[in-house]
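Letter by letter, the chains look like this.
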Amino acid sequence: MTTASRDPARKRWSFSFLANWRQYVVYIGFALIFAVFAVVLSDRGFLSANNLLNITRQTAIISIMAMAMTFVLCAGEIDLSVGAIAGLASVISSMALSRYGLIPGVLAGLATGLVVGAVNGGLTAWIGIPSFLVTLGMMGFARGLGMWTSGTSPVPVIDDTFIVIFGSGNIGPVPVLVFWVAILGTIAHITLRKTPFGRKVLATGGGETAARYSGVKTRTVKFQALLITATAASIAGMLYAGRLQSGRFQLGEGDELSVIAAVVLGGTSLFGGAGTVVGSIVGALLIGVINNGLILLGLDFSQQLMARGVLIVLAVALGRNQRS
């Protein structure tokens, strides 16, 4: 191939990169921030195997909820109840575990997400209430139900098999949480990119009226997206319970902000129609690396909250610009 024939191809690639640069921001940002912390915190164990494994453990549960949130945002909706659902599912599954055993405990946790997701999806898709309001109300309801059900006390998890599978186990040197992320992330990525359902989700968020005229049942798509998110949140709640060996209504509190920030930083538009599961996972890792680095730098919790707030504003700004 001659130089002249290569130049147009190079120009097309350069134009494509510049036109879609926001899709790569999270990867560039992750690499830069990781490199900075690796140099600055080299004497504080940032690059140690234990610390890197801690980052993956701390971000795994957020990553799982972020995968599902990608579908909701791509469909043009939002779910603010994921953190509260995680706390409620941890309580319900822990109580069922202590009374009925492993399988009923897991099924009870999943059923919690399915029921809440069906309510969220039904009110949004079929009744027409904005998902922001529905899930905001559900956030308070689920948190209160978790408090009332548990009596505001932790519910201990004493099933060793549950503890190993959901959060505390290892396969070789690798935490089981990493395998949860890898398996669910692969399924979510293939579903969004390679299946008719994924294309319908993107079409619904990209232009609901046009999608409806094209034969897409947009209400069903939105219902299913919110169902997926709530189910993923219930899995996250059981992972919290397994890792901490107790179910608590406080688990997941505030996670909705981290999840949404991770998804939007990963390249998903707040306005729907565009998104990537891999980017959402990297966005969650980016937040985890920043939190871990701030801790190793000796910053207190209030300063960490300030940094998280800056991240959320940045995520919203990127999502807005991506649509414009």
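I will try to describe carefully the structure that is included in this document. Quick caveat: nothing in here was measured; it's all calculated off a predicted structure.

Time to look at the overall build of the protein. Assigned secondary structure in the protein consists of 14 helices and four strands. Counting the 324 residues in the protein, one finds 47% classified as buried. If you take every contact in the protein between residues at least 6 apart in sequence, the share linking residues at least 24 apart comes to 78%. Summed over all atoms, the accessible surface of the protein reaches about 15200 Å², with 68% contributed by carbon and sulfur.

This next bit is on unusual backbone geometry. At Thr 152, a residue that is not glycine, the phi angle is positive and equals roughly 65°. Relative to the helices and strands, Thr 152 is located in the loop between α6 (131-150) and β1 (155-156). One non-glycine residue, Gln 245, lies in positive phi territory at about 60°.

On to the packing of helix α8 (residues 176-194) against helix α13 (residues 277-296). At their nearest, the axes of α8 and α13 sit 8 Å apart, and the two run at 145° to each other. When α8 is examined against α13, the residues Val 181, Gly 185, Ala 188, His 189 and Leu 192 are found in contact with a partner set consisting of Val 277, Val 278 and Ile 281. Counted by class, the contact of α8 with α13 contains six nonpolar, two polar and no charged residues.

Our focus in this paragraph is the packing of aromatic side chains. Under the criterion given, the structure shown has six aromatic pairs. When the ring of Phe 71 is compared with that of Phe 197, the centres are 6.2 Å apart and the planes differ by 20°; the resulting orientation is stacked. Taken as a pair, Phe 71 in helix α3 (residues 49-74) and Phe 197 in helix α9 (residues 196-206) lie far apart in primary sequence, 126 residues in all. Assigned by exposure class, Phe 71 and Phe 197 land together as buried. Grouped by ring-pair contacts, the aromatic residues Phe 30, Phe 34, Phe 37 and Phe 46 constitute a single cluster.

Summed over all chains, the structure comprises one salt bridge. For the salt bridge of Glu 77 with Lys 222, the shortest nitrogen-to-oxygen distance reads 2.8 Å. Of the two residues, Glu 77 is situated in the loop between α3 and α4 (82-100) and Lys 222 in helix α11 (residues 218-244); the sequence distance between them amounts to 145 residues. The class of Glu 77 is buried, set by a relative accessible area of 12%.

This part is about α6. With 20 residues, α6 extends 28 Å from end C-alpha to end C-alpha; this agrees with the ideal 28 Å at 1.5 Å per step. Of all the positions in α6, only Ser 131, Val 134, Thr 135, Met 138, Ala 142, Arg 143, Gly 146 and Ser 150 are classed as buried. Within α6, the buried residues cover an arc of 160° as seen down the axis, which keeps them to one side. Among the exposed residues of α6, those pointing more than 90 degrees away from its buried face are Leu 133, Phe 141 and Trp 148. Contacts from the buried residues of α6 go to α4, α5 (102-127) and β1. Backbone geometry just downstream of α6 places Gly 151 in the positive-phi region, at approximately 65°.

Before going further, it helps to spend a moment on the side chain of Ser 81. Tracing the backbone shows Ser 81 in the loop between α3 and α4. For Ser 81, a relative accessible area of 0% corresponds to the buried category. Of the polar contacts made by the side chain of Ser 81, one reaches the side chain of Asp 79; its length is 2.6 Å. A polar side-chain atom of Ser 81 sits 3.2 Å from a polar atom in the side chain of Asn 120. Those residues in contact with Ser 81, other than ones at most four positions away along the chain, are Asn 120, Thr 135, Met 138 and Met 139.

Bringing the side chain of Ser 94 into the picture now. Here Ser 94 is to be found in helix α4. In contact with Ser 94, not counting residues within four places along its chain, are Val 155, Pro 156, Val 157, Ala 241, Ser 246 and Gly 247.

Here the focus is the environment of Gly 144. When you line up the elements, Gly 144 lands in helix α6. Counting along the chain gives 105 residues from Gly 144 to Phe 249, while the straight-line C-alpha distance between them is 8.3 Å.

For the pair α4 and α11, interaxial distance at closest approach is 7 Å and the crossing angle is 55°. Classed by the angle they form, the pair α4 and α11 counts as oblique. For the pair α4 and α11, the crossing hand works out as right-handed. Across the interface between the two elements, Val 82, Ile 85, Ala 86, Ala 89, Ser 90, Ser 93 and Ser 94 of α4 pack against Thr 229, Ala 230, Ala 233, Ser 234, Ala 236, Gly 237, Met 238, Tyr 240 and Ala 241 of α11. Grouping the constituent residues of the contact of α4 with α11 by class yields 10 nonpolar, six polar and no charged.

Rules behind the numbers
- Residues numbered from 1 in each chain as written.
- Predicted model: local features only at pLDDT ≥ 70, side-chain atom pairs only at ≥ 80, totals over all residues.
- Heavy atoms only, no water.
- Helix = DSSP H or I, 4+ residues; strand = E, 2+ residues; numbered from the N terminus.
- Buried < 20%, exposed > 50% of the residue type's maximum accessible area, 1.4 Å probe, protein only.
- Contact = heavy atoms within 4.5 Å.
- Areas by Shrake-Rupley, 256 points an atom, 1.4 Å probe, with all protein chains shown as cover.
- Axes fitted to C-alpha atoms, helices over the stretch in contact; angles between N-to-C directions.
- Nonpolar A, V, L, I, M, F, W, Y, C, P; charged D, E, K, R; others polar.
- Phe/Tyr/Trp six-rings, centres within 6.5 Å; stacked < 30°, edge-to-face > 60°.
- Salt bridge = Lys/Arg side-chain N within 4 Å of Asp/Glu carboxyl O.
- Expected span 1.5 Å × (residues − 1).
- Arc of directions from axis to C-beta.
- Polar contact = N/O pair within 3.5 Å; in protein donor to acceptor, adjacent residues only side chain to side chain.
- Parallel < 35°, antiparallel > 145°, perpendicular 65-115°, else oblique.
- Left-handed = near helix turned anticlockwise from the far one by under 90°.

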